[in-house]
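Structural description and commentary
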Amino acid sequence: MEWVLGAIVVWLLLSRRRDRGREGRGGDRRRGGVMRDVTLPDGRQVLNVEGSLFAPTGDDTAGWRWVALEGTADAQLQHSTTVAEVLAGTGNAGGGRAGTAPGVEVEAVPVILLPTGTRRRVRAVDAYATGGRLGHLSVAMTARYGAQLREVVRVEGRPPGVEARIGRGTDGLLRTEVLLPDAFEPTPPR
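Cut-offs used in this document
Residues numbered from 1 in each chain as written. Predicted model: local features only at pLDDT ≥ 70, side-chain atom pairs only at ≥ 80, totals over all residues. Heavy atoms only, no water. Helix = DSSP H or I, 4+ residues; strand = E, 2+ residues; numbered from the N terminus. Buried < 20%, exposed > 50% of the residue type's maximum accessible area, 1.4 Å probe, protein only. Contact = heavy atoms within 4.5 Å. Areas by Shrake-Rupley, 256 points an atom, 1.4 Å probe, with all protein chains shown as cover. pLDDT = per-residue confidence, 0-100. Phe/Tyr/Trp six-rings, centres within 6.5 Å; stacked < 30°, edge-to-face > 60°. Salt bridge = Lys/Arg side-chain N within 4 Å of Asp/Glu carboxyl O. Polar contact = N/O pair within 3.5 Å; in protein donor to acceptor, adjacent residues only side chain to side chain. Core = buried A, V, L, I, M, F, W, Y, C linked by side-chain atoms within 4.5 Å. Pairing = 2+ DSSP bridges.

**What to know about the overall build of the chain**
- From N to C terminus, the chain includes three helices and 10 strands.
- Per-residue burial over the chain gives 42% buried out of 190 residues.
- In the chain, of all internal contacts separated by at least 6 residues, the share reaching a separation of at least 24 is 69%.
- Carbon and sulfur atoms form 52% of the exposed surface of the chain, whose accessible area is close to 10200 Å².

**Some details on the confidence of the model for the chain**
- In the predicted model, the chain carries a mean pLDDT of 78, and the fraction of residues at 70 or more is 73%.
- Note on residues 1-31: pLDDT is under 50 here. Beyond four places in sequence and across chains, it has 76 contacts.
- Considering only residues more than four positions removed or in separate chains, one finds that residues 92-102, a stretch of pLDDT under 50, has 12 contacts.

**Focus on the packing of aromatic side chains**
- Counted by the stated rule, this structure contains two aromatic pairs.
- Among the aromatic residues, those joined into a ring-pair cluster are Phe54, Tyr145 and Phe184.

**Let's talk about the pattern of salt bridges**
- Counted according to the given criterion, the structure contains six salt bridges.
- Residue Arg133 is joined to Asp126 by a salt bridge in which the shortest nitrogen-to-oxygen separation is 3.1 Å.
- Since its relative accessible area comes to 12%, Asp126 is described here as buried.
- The closest approach of N and O atoms between Glu151 and Arg154, which form a salt bridge, is 2.7 Å. Taken together, the residues span about one helical turn, with Glu151 and Arg154 both in helix H3 (residues 139-156) at a distance of three residues.
- Looking at Glu151, the relative accessible area reads 31%, which means it is partly exposed.

**Here we look at the side chain of Thr82**
- Locating Thr82 in the fold gives a position in helix H2 (residues 76-88).
- What Thr82 contacts, discounting residues up to four positions off in sequence, is Val109, Ala129, Thr130, Gly131, Leu134 and Ile166.

**A few points about the side chain of Glu156**
- Mapped onto the elements, Glu156 comes out in helix H3.
- The class for Glu156 is buried, based on a relative accessible area of 2%.
- Within the local environment of Glu156, its side chain forms a polar contact with the side chain of Ser52, the two groups lying 2.3 Å apart.

**Points about the nonpolar core**
- Ranked by internal contacts, the top residues of the largest apolar core, which has 27 residues, are Val111, Leu113, Leu137, Val178, Leu180 and Phe184.
- For this core, the elements supplying multiple residues, two or more each, are H2, strand E6 (104-117), strand E7 (122-129), H3, strand E9 (160-168) and strand E10 (174-181).
- Leave out the neighbours within four places in its chain, and Leu137 touches Val67, Leu69, Val125, Thr142, Val178 and Leu180.

**Some words on the pairing of strand E3 (residues 45-50)**
- In terms of residue burial, E3 counts as a mostly covered element, since five of its six residues are buried.
- In sequence, strand E2 (residues 35-39) turns back onto E3 through a hairpin of five residues, with Gly43 there showing a positive phi of about 95°.

**Section: the environment of Arg120**
- Locating Arg120 in the fold gives a position in the loop between E6 and E7.
- Counting along the chain gives 27 residues from Arg120 to Ala147, while the straight-line C-alpha distance between them is 8.8 Å.

This is the structure we're talking about:
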């Protein structure tokens, strides 16, 4: 089984918010789980990952904040691939979408947050998008959110996802910020 980590496809079901019902819970597990190998129409083999999207409802962003990922300088290829994939679906060949802040390439990019470590301690939280690993949360943010993210994975059986924005920094490199809530609370099973 060949997994091309550099071409992870993240399907977060953007039309569904995490607080909506959990219809069909477990159905995807019977069909191969929340991670499946997929061959795209152009022949690329990718990994399809389903996550639980955490996003503010409407324009209400109270209790949410943008947090910059670390390690993005080493992930420029993954950032470029993600931007190209997102822009390919918009018909916009240039940088940026209408209505974005100056210098921002793309917004509302789905990103999976994957906590790693031991049963007792989350050591890192990596962020993955269509192009692959974009970076990781800082040590302070890992300490704050790590246990909560691990609990979401345990209860829901799939990793949490958030919205992100990718923009060019003052050094010319692509950077990513993720929109994090005050707390990640898993949806209790029915």
